[in-house]
Amino acid sequence: ALMDLVQQESSKQMNFNFKEFKRFEKQIILKKVGIHGQKEIKKAKILIVGMGGLGCPLLTYLAASGIGDIGIVDHDKVELSNLNRQILFNYSDLNKSKVLKAKDSAKKTYKNIKIKTFKSRLTSKNIKSILKNYKIICDGTDNYETRYLINDFCKKNKKILISAAISRFDGHLFKFDFTKKGPCYRCFMPDQPVLENNCETEGIFSPVAGIMGSLQANEVLKTILNLKSDLNTNILIFNSLKMTLRKIKISKNKNCINKCKE
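Counting restarts for each chain: residues are numbered from 1 in the order of the written sequence. Totals for whole chains, interfaces and linings use all residues, but because this is a predicted model, local features are given only for residues with pLDDT of at least 70 and pairs of side-chain atoms are given and counted only at 80 or more. With hydrogens and water set aside, each side-chain value is computed from the structure's full complement of heavy atoms.

(A) How the structure looks around the sheet that holds strand β6 (residues 170-177). Two strands are said to pair when DSSP picks up at least two bridges between them. Elements are defined by DSSP. Helices are runs of H or I of four residues or more, strands are runs of E of two residues or more, and each kind is numbered from the N terminus. Across the sheet, which stays open at both edges, the eight strands sit in the order β3-β2-β1-β4-β5-β6-β7-β8 with mixed pairing between neighbours. If you trace the sheet from one side to the other, it starts and ends with β3 (114-118) and β8 (244-249), each paired once. Averaged over all adjacent pairs, the angle separating strand axes in this sheet is 15 degrees, with direction ignored. Relative to strand β4 (residues 136-139), strand β1 (residues 45-49) is paired through four bridges, and the arrangement is parallel. Counted as the bridge partner of L47 is I137 from β4. Only the contacting stretch of a helix is used when fitting its axis, a line to C-alpha atoms as for every element, and angles between N-to-C directions run 0 to 180 degrees.

The following block contains the structure:
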């Protein structure tokens, strides 16, 4: 029966052989995925900004799920202090480019994946050239300046933004579908805090990075498959000490500089 399904899809000129079918069989048998859904996953083009504690599990699960085209952005090299949570790297990778080592790892997970690396810091000067060819943008950065930059560009250019942040024992997850009207990250946080709350300044419990990066991957795949999601315009807050997940609605801010209320 499996072979019949593969042959039927092959007759529709789907780039799917039996070996690849078996590779993703456990997803394909899900009624909400199927062969059509797996085809959509393979066609998807995703950009990940930041190959740190969030980007590593995110890339791992997207590659394992069969995403066919991923861009990864990070200017940093692997440091010893990264290894407690950035699971794609090891001691032999120290002082080497994060995006290049991450690419090597993703290709080992799924050899048919296309990975484009951007070994640079995201700025207002290069953001258009880097983000323009991707529909879904994943923000795993660790500073407010870059988060605002990505949010504003995605809002203006009607991208889908799936963003996560981690610090200490907590994680936040956002999804903004800017192809539709709604709030943005600035509606939630209009002004940049005086102090940066990130792994470097406050520390991080390593499993929190894995959990939040995996939740980002979950939202990416649900978005590709057009599965109903009530996370859009909500913030998901995870507390690893209390083991709680809660959602808070983000409303349009009438004073938002992106004019979300209009």
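(B) Seen up close, the packing of aromatic side chains. In this analysis, rings of Phe, Tyr and Trp, with Trp reduced to its six-membered ring, are considered paired at centre separations within 6.5 Å, and the interplanar angle assigns stacked below 30 degrees, edge-to-face beyond 60, and tilted for intermediate values. A full pass over the atoms with the stated rule returns nine aromatic pairs. Geometrically, the ring pair formed by F18 and F21 is stacked, given 6.4 Å between the ring centres and 10 degrees between the ring planes. Taken together, the positions of F18 and F21, both in helix α2 (residues 18-23) and three residues apart, correspond to about one turn of that helix. The exposure class assigned to F18 is partly exposed, which follows from its relative accessible area of 32%. Residue burial is assigned from relative accessible area. The probe radius is 1.4 Å, only protein chains are included, and a residue is buried under 20% of its type maximum, exposed over 50%, and partly exposed in between. F21 sits in the buried class, given a relative accessible area of 1%. An angle of 85 degrees between the planes, with centres 5.2 Å apart, marks the rings of F24 and Y110 as edge-to-face. Taken together, the residues F24 in the loop between α2 and α3 (25-28) and Y110 in the loop between α6 (98-109) and β3 connect sequence positions 86 residues apart. Grouped by ring-pair contacts, the aromatic residues Y148, F174, F176, F178, Y185 and F188 constitute a single cluster.

(C) Spotlight on helix α11 (residues 206-224). For a helix, the expected span equals 1.5 Å multiplied by the residue count minus one. Its 19 residues place the ends of α11 28 Å apart at the C-alpha level, agreeing with the 27 Å of an ideal helix rising 1.5 Å per residue. Looking at the residues trailing α11, positive phi occurs at N226, about 60 degrees.

(D) Molecular detail of the pairing of β6. Burial within β6 is extensive, with six of its eight residues counted as buried. Relative to β6, strand β5 (residues 160-167) runs antiparallel, the two being bridged by eight bridges. Note on β6: the bridge partner recorded for I160 is D177. Hairpin connection, β5 to β6: the antiparallel pair is bridged by two residues, and R168 has positive phi, about 55 degrees. Summarising the sheet, β6 and strand β7 (residues 234-239) pair through five bridges and their orientation is antiparallel. Bridged to D170 within β7 is N239.

(E) Main features of helix α4 (residues 34-43). Regarding α4, the residues found buried are G34, I35, G37, Q38, I41 and K42. Along the axis of α4, the buried residues cluster in a sector spanning 160 degrees; they form a single face. Exposed residues pointing more than 90 degrees away from the buried face of α4 are listed as H36 and K43. Directions drawn from the helix axis to the C-beta atoms are what define this arc.

Nothing here speaks to function; it is all geometry.
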